[in-house]
Structures are given as C-alpha cells and as structure tokens.
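# Coordinate analysis (summary)
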Amino acid sequence: MPPTPGSPPWTVSAPHPRRGRGGRSTPPVGVGSGSTSDPGHHTAPTGPSQQITAEPFSGVSQRSCALEPPTVAGVCVQYTVRDASVGDAGVCAAIYAPYVIGTAVSFEVDPPSLEEMRRRIADAQRSHAWLVLEVDDRVVGYAYGGPFKDRAAYRWSCEVSVYLEPGRRRAGGGRALYTALLTRLAERGYRTAVAGMTLPNEASVALHRSLGFQPIGTYRRIGWKHGRWHDVTWTQRPIGAGPLDDDDPPAEPR
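Remember, it's a predicted structure, so these values are computed and weren't measured experimentally.

### Some points on the pattern of salt bridges
With the rule as written, the count across this model stands at 13 salt bridges. For the salt bridge of E108 with R120, the shortest nitrogen-to-oxygen distance reads 2.9 Å. Residue E108 is located in the loop between α1 (89–102) and α2 (114–127), and its partner R120 is located in helix α2; the two are separated by twelve residues in the primary sequence. R120 shares its class with E108; the two are buried. A salt bridge links R120 to E116, with the nearest nitrogen and oxygen atoms 2.8 Å apart. Taken together, the residues span about one helical turn, with R120 and E116 both in helix α2 at a distance of four residues. Residue R120 is classed as buried on the basis of its relative accessible area, which comes to 7%. Linked by salt bridges that have partners in common, E108, E116, R119, R120, D123 and R126 make up one network.

### As for the side chain of T233
Along the chain, T233 falls in strand β9 (residues 228–238). A residue is classified by how much of its surface remains accessible, and T233, at 10% relative accessible area, is buried. Within the structure, the side chain of T233 is placed 3.4 Å from the backbone oxygen of G217, a separation counted as a polar contact. If we ignore the near neighbours within four places in the chain, the residues touching T233 are A195, G196, M197, L199, G217 and T218.

Rules of the game
Residues numbered from 1 in each chain as written. Predicted model: local features only at pLDDT ≥ 70, side-chain atom pairs only at ≥ 80, totals over all residues. Heavy atoms only, no water. Salt bridge = Lys/Arg side-chain N within 4 Å of Asp/Glu carboxyl O. Helix = DSSP H or I, 4+ residues; strand = E, 2+ residues; numbered from the N terminus. Buried < 20%, exposed > 50% of the residue type's maximum accessible area, 1.4 Å probe, protein only. Polar contact = N/O pair within 3.5 Å; in protein donor to acceptor, adjacent residues only side chain to side chain. Contact = heavy atoms within 4.5 Å.

Dropping the structure here:
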C-alpha cells in the first residue's frame, strides 16, 4: 500500500562506521545497485519513532551493535529509516553524485539535477517506495524500488538500489534501508526484487547475499565508463506473500 501520513519511521541500532588509521573513515565503496539506471518517490511521516524488533525476512538481522576498534569501542549509531519526500532531493542528489562522477557503481555520467531528483522521488513513491536513512536527524543514505521492466508481465517484479554517503560502508545502514524497503514493496504487492551491481564491488555483493539475494547471471563488458569496460552482475530474491510457483493469478501491485 502507498505510505500514509502518520506512519512511524523505523529506528535501528548499528555499529559506528569503521575508522582507519588516524581515525579516518573507511574510503567509500558503493553498496549501491542499480548501476544501469536510477529512478525516484514522496510522503514524509509525522508519527513518533518506533523501534524495530521483527525480522520479516529470513536471515535478516535488523539490529546489530558490535564492538569497534578502541577509538570508538562500543559506540553505536541509531539509524532512523523513513519515507522520503521531495524535500530530501537535495541531500539524495549530494549522496549520489560521487557515485556518478567518481565510480562505475552507477552508469550515469552526469549527476541528476535537483529537479530531476525531485521527479525521481515523486515517481517512485507513487508506484514503489523511496526511503531515507537518518542519523541525528541528518540524511546519510537512501534506497528505492522501481520497475524492473516496462512490459506488463514484469509488473510484480521491481529493481532496488541503495546508496550511502562516504564512510558508512559495513556499518548496518544498507541493511537497515533494504530491510525496510523490501517490507514496503511486499506490502504494495510486489513479489520479486532484483538488484544489479557493477563489478568488482565486494561490499554490495556481500550485502545482497546476506539479505537472501541469489545470483542469476552476469553481463560481461556491458558498459563503458572511465576508460574501461565493466561487468554487471544481477541478483534476485522473492518478497511478499505466497510461493512464486503458485499458479493462481497474483493480486495487482498497489
């Protein structure tokens, strides 16, 4: 179902981002998928925060707080995941731009404008979902779902992507976003989530594997960016209610 005003955001505890020598954050490695396309959504919640305790998908832990190196030992970051609004377009564009400019994680070559990001968020919220991740009321990442393909028979499948600001790799943010996103997409009636990743991208491959995504194939030398060819691997996992081998017609996504 589409998000409704007053629905609470989700809060999860996760480890502080890992630090390298001298206290520097680990260099960014894109956990983002959706390397060949990047769409967008809307509706900001107004209700109180709510602690997540359920584990709606097998193998997904929505709460983790591990001891870190001595400089940040035992310090946890509390994430809040909420529905995005078009007002989040500026910060989402700022998070995404380094992936476009400096990496092949995204196959876009020009960062989207503020207006374009607003359009993507609004479009995604109407049909799928777009969520943002906050720490201390500051957006530090986002995830969204969009159509896998335009043709009608694909309409129960969706493509998902997640992007985090530099320094937040392997700190639980991507897991928190994806867990909430897959729940939202399942509630809207989608049955399969698909994610593509430009290789190499160990962080993204590990994240998707831990969330139950299974590899389905790799396009070899499918995209040219930054002076070289790139492979893109694809993964998928079931979401929503009911077995995928059920021969009964599924309900329409809503």
